[in-house]
Amino acid sequence: MTQPAPLTPEGLARLRHQLTQETERLEEARRVVREQMEANDQENQGLPEAQQRLLAVQARVDELKDLIARAVVIGPGAGEEGGIRLGSVVTLLELDAGRRLTLQLVSPPEASAVPGERPRVSSESPVGRALLGRQVGDEVTVNLGRRTVRYRVEEVGD
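Residues numbered from 1 in each chain as written. Predicted model: local features only at pLDDT ≥ 70, side-chain atom pairs only at ≥ 80, totals over all residues. Heavy atoms only, no water.

### Remarks on the sheet that holds strand S4 (residues 99–106)
Read across the sheet, 5 strands follow the order S5-S4-S3-S7-S6 without closing on themselves; strand pairing throughout is mixed. Edge strands, defined here as strands with exactly one partner in the open sheet, are strand S5 (120–122) and strand S6 (139–143). Averaged over all neighbouring strand pairs, the angle between strand axes comes to 45 degrees, with direction disregarded. Where strand S3 (residues 89–94) meets S4, 6 bridges bridge the pair, whose relative direction is antiparallel. For Thr91, the partnering residue across the bridge sits in S4 and is Thr102. (Pairing = 2+ DSSP bridges. Helix = DSSP H or I, 4+ residues; strand = E, 2+ residues; numbered from the N terminus. Axes fitted to C-alpha atoms, helices over the stretch in contact; angles between N-to-C directions.)

Put into structure tokens, the structure is as follows:
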């Protein structure tokens with residue numbers, strides 16, 4: 001049995017958009033391989049590279065299709081009882097630095113840190129694991145490898 005992939009509605013939309021882009025890249029990679037094969041050039045060095053690219057793009061398309069097929073959309077209500085769960089938007093106060101951080105807790109396929117966007121932190125990361133189930137006012141200590149950080153949960157929402 002395949003495991004469900006919990007995703008936010010936005011995460012599912014991003015994956016569908018990526019699938020569209022990767023499908024276009026796949027068609028282009030197929031075209032390049034056909035052209036390389038039709039060149040009928042004994043010394044054609046580009047064919048193996050084109051075939052490798054085609055296989056890589058095909059693997060990514062297959063991965064995205066599988067993930068989308070297993071998607072279970074996380075509905076609103078993540079913060080109904082104040083507890084943090086997948087999809088929650090959380091504001092943390094880093095206690096030692098006095099710095100605030102707002103992030104969204106998501107499943108691993110959605111995790112990313114794109115400049116200019118709210119960070120989407122994986123529920124399987126050290127921070128994500130420490131936050132699951134916590135409530136406003138709770139303090140957590142997270143070992144980030146080189147340093148240990150203490151956070152207090154300031155806000156939880158959808």
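There's more to say after this.
### Notes on the pairing of strand S7 (residues 148–157)
Note that S3 and S7 share 6 bridges and pair antiparallel. The partner of Leu92 across the bridge, within S7, is Val153. In this structure, S6 lies alongside S7, joined through 5 bridges in antiparallel fashion. Of the residues in S7, the one forming a bridge with Val142 is Val149.

Everything listed here is a matter of geometry and, on its own, says nothing about what the molecule does.
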